[in-house]
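Listed below are the residues making up each chain.
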Amino acid sequence: MRSAMKVLAVCAALGAAAGTTLQALSQEPSQQPPVIRTQVSLVNLFVTVRDKSKRIVTDLKQEDFKIAEDNQAQQIAFSPRKSPCP
């Protein structure tokens with residue numbers, strides 16, 4: 001009789017654990033990952049501009065670039081640097 005009670009207890013524990021696991025698994029897809037928000041004052045943007053022949057354009061100036069975030073113009077703090085690559 002005691003072994004039957006042990007089997008019943010083990011089955012009940014496994015059933016409870018399985019139910020908890022299934023509940024957790026069913027909730028995961030509906031949960032969204034956490035959103036991380038931060039504010040920064042400077043962002044580095046590295047660009048390579050090529051012409052129609054796929055050659056790198058090397059004579060660009062700061063005035064040739066416009067940067068926007070959420071349709072808001074952003075200030076370019078530093079001039080573009082020439083690439084060390086040919």
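Residues numbered from 1 in each chain as written. Predicted model: local features only at pLDDT ≥ 70, side-chain atom pairs only at ≥ 80, totals over all residues. Heavy atoms only, no water.

Re the overall build of the protein
Here is step 1 of the chain: Secondary structure assignment for the protein yields one helix and two strands.
Here is step 2 of the chain: For the protein, the sequential pattern of α-helices and β-strands runs α-β-β.
Here is step 3 of the chain: Expressed as a percentage of the 86 residues in the protein, the buried residues total 0%.
Here is step 4 of the chain: Here the protein has roughly 8900 Å² of accessible surface; of this, 56% comes from carbon and sulfur atoms. (Helix = DSSP H or I, 4+ residues; strand = E, 2+ residues; numbered from the N terminus. Buried < 20%, exposed > 50% of the residue type's maximum accessible area, 1.4 Å probe, protein only. Areas by Shrake-Rupley, 256 points an atom, 1.4 Å probe, with all protein chains shown as cover.)

Comments concerning the environment of Asp 51
Here is step 1 of the chain: Looking at where Asp 51 falls in the secondary structure, it is placed in the loop between helix H1 (2-27) and strand S1 (67-69).
Here is step 2 of the chain: On the accessibility criterion, Asp 51 (28% relative accessible area) is partly exposed.

Details of the pattern of salt bridges
Here is step 1 of the chain: One pass over the full model with this rule turns up one salt bridge.
Here is step 2 of the chain: Taking the shortest distance from any N to any O, the salt bridge between Arg 55 and Asp 51 comes out at 3.3 Å. (Salt bridge = Lys/Arg side-chain N within 4 Å of Asp/Glu carboxyl O.)

Brief notes about a nonpolar patch on the surface
Here is step 1 of the chain: Together, Val 40, Val 43, Leu 45 and Val 47 make up an exposed nonpolar region whose accessible area comes to about 400 Å².
Here is step 2 of the chain: Within the secondary structure, Val 43 is located in the loop between H1 and S1.
Here is step 3 of the chain: Look at Val 43 and you get exposed, because its relative accessible area is 56%. (Patch = residues over 30% accessible without salt bridge, like charges linked within 9 Å, V, L, I, M, F, W, Y side chains within 5 Å.)

What to know about the environment of Lys 66
Here is step 1 of the chain: As for its placement among the helices and strands, Lys 66 is situated in the loop between H1 and S1.
Here is step 2 of the chain: Lys 66 gets classed as exposed once you look at its relative accessible area, which sits at 81%.
Here is step 3 of the chain: Here the alpha-carbon distance between Lys 66 and Ile 76, two residues ten residues apart in the chain, equals 8.0 Å.

Observations concerning unusual backbone geometry
Here is step 1 of the chain: Backbone geometry at Lys 54 places phi at a positive 70°, although glycine is not the residue there.
Here is step 2 of the chain: Along the chain, the position of Lys 54 falls in the loop between H1 and S1.
Here is step 3 of the chain: Overall, Lys 54 belongs to the exposed group, its relative accessible area being 63%.
Here is step 4 of the chain: Of note, the phi angle at Asn 71 is positive, near 60°, even though the residue is not glycine.
Here is step 5 of the chain: Mapped onto the elements of the fold, Asn 71 is located in the loop between S1 and strand S2 (72-74).

Description of the confidence of the model for the protein
Here is step 1 of the chain: For the protein, per-residue confidence averages 74 on the pLDDT scale, and 57% of positions sit at 70 or higher.
Here is step 2 of the chain: Of all the helices and strands in the protein, H1 carries the lowest mean pLDDT, 51, while S2 carries the highest, 93. (pLDDT = per-residue confidence, 0-100.)

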